[in-house]
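Results of the structural survey
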Amino acid sequence: MNNTTRKHTALPKAQILIEALPWLTRHRGKTVVVKFGGNAMIDEDLKAAFAQDIVFLHHAGLRPVVVHGGGPQISAALDRHGIVSEFKAGLRVTTEDAMDVVRMVLAGQVQRELVGLLNQYGPLAVGMTGEDAHTITATKHQPRIDGELVDIGRVGEITAIDTGAIEALLADGRIPVVSSIARSQDDGHVYNVNADTAAAALAAALGAETLMVLTDVEGLYEDWPDSDEVISRLTATQLEKLLPELASGMVPKMEGCLHAVRNGVTTARVIDGRVQHSILLEIFTDEGIGTMVVPDDTTQGDA
């Protein structure tokens, strides 16, 4: 390869890096909470790309915190243990037996794998659950179905967040990877908490710049199922009006985004985890993908 050819092939790479410069400057030192879920948790290539993105954010001077659930893996493990998976009001009914499996899968399997992927790039990731250092505290959550409170077992409603352990890890240059299990406020047990809700609560408590929720759709659709136009940006109040019309799987994600931006997080984004490197595309380019939620008093145009 002669010099001229080499210059030309390298130039687009330089231009891409320079395009990221304003974003690198803007986000440097900021905390980003990323909810890892959907297909990105199952597909090997997407998992690897996710780990690369998180490590890239870390080396670019951001402070990523990863929160994960593990729906598909939990269902598979419950099947293997002969425990039936049952859902009420969109939440997994979690018996004592099921809770043991949930905890084992989240903290012992999903989290370990993610920590391993991140640590291919250096001594970066540290796994923990919401039980550690009182990070997430919960009480029993009883959803209301047809006006009646329903017992769905060890499913928790978050009552308190203590960010001390996460802050210490971030200050030490580490990447915290948090499983969505909470300690109980009142009975010495543990609770299964929705990972979208946990990510939003942590983002607010950490004063994060951004909450990013990976999902298996392109974003929030304008007029689903009649249209697949994605709403690229909406305010907290606009989102609140849409909530009653959303599909049940999107509700905890969008309620999480709403909670985050109402509690000090600058932007909350739902992005398509089926697209490789969607996190980098969302943070470092003009053409952000997915749906961005902003606080009500934000002026137009500042992404």
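Please refer to the structure higher up on the page.
Below you will find a few notes about this structure. (Residues numbered from 1 in each chain as written. Predicted model: local features only at pLDDT ≥ 70, side-chain atom pairs only at ≥ 80, totals over all residues. Heavy atoms only, no water.)

Within the protein one finds ten helices and 18 strands. Its C-alpha radius of gyration of 20 Å places the protein within 12% of the 19 Å reference for a compact globule of 303 residues. Oriented by its inertia axes, the alpha-carbon framework of the protein measures out at about 70 × 45 × 35 Å. The burial tally for the protein puts 48% of its 303 residues in the buried class. Carbon and sulfur atoms make up 52% of the accessible area of the protein, which amounts to about 14300 Å² in all. Averaging the positions of the 25 positive and the 41 negative side-chain charges in the protein gives two centres separated by 7 Å. (Helix = DSSP H or I, 4+ residues; strand = E, 2+ residues; numbered from the N terminus. Rg over C-alpha atoms; globule rule 2.2 N^0.38 Å. Buried < 20%, exposed > 50% of the residue type's maximum accessible area, 1.4 Å probe, protein only. Areas by Shrake-Rupley, 256 points an atom, 1.4 Å probe, with all protein chains shown as cover. Lys, Arg positive; Asp, Glu negative; His and termini not counted. Charge placed at Lys NZ, Arg CZ, Asp CG, Glu CD.)

Before going further, it helps to spend a moment on unusual backbone geometry. Glycine aside, residues mostly have negative phi, and peptide bonds are mostly found in the trans state. Its identity as a non-glycine residue notwithstanding, His134 has a phi of 60°, on the positive side. Note on placement: His134 falls in the loop between β5 (125-129) and β6 (136-140). The partly exposed category is assigned to His134, whose relative accessible area is 43%. Look at Asp146: it is not a glycine, yet its phi comes out positive at around 50°.

Taken as a whole and assessed by the stated rule, the structure comprises 16 salt bridges. Residue Asp151 pairs with Lys140 through a salt bridge whose shortest N-O separation is 3.1 Å. Of this pair, Asp151 sits in the loop between β8 (148-149) and β9 (156-161) while Lys140 sits in strand β6; the two residues are eleven residues apart in sequence, bridging distant segments of the chain. For Asp151, a relative accessible area of 46% corresponds to the partly exposed category. Residue Arg269 pairs with Glu282 through a salt bridge whose shortest N-O separation is 2.7 Å. Within this pair, whereas Arg269 is found in strand β17 (residues 267-272), its partner Glu282 is found in helix α10 (residues 278-284), the two being separated by 13 residues in sequence. Overlapping salt bridges bring together Lys35, Asp196 and Lys253 as one network. (Salt bridge = Lys/Arg side-chain N within 4 Å of Asp/Glu carboxyl O.)

Our next topic: the environment of Asp45. For Asp45, the position within the fold is in helix α3 (residues 44-59). Residue classification places Asp45 among the exposed residues on the basis of a relative accessible area of 52%.

Attention now moves to the side chain of His27. You can see His27 is positioned in helix α2 (residues 21-27). Non-local contacts of His27, meaning those with residues more than four positions away in its chain, are made with Gly61, Leu62, Glu209 and Ile283. (Contact = heavy atoms within 4.5 Å.)

Shape descriptors only; they carry no functional weight alone.
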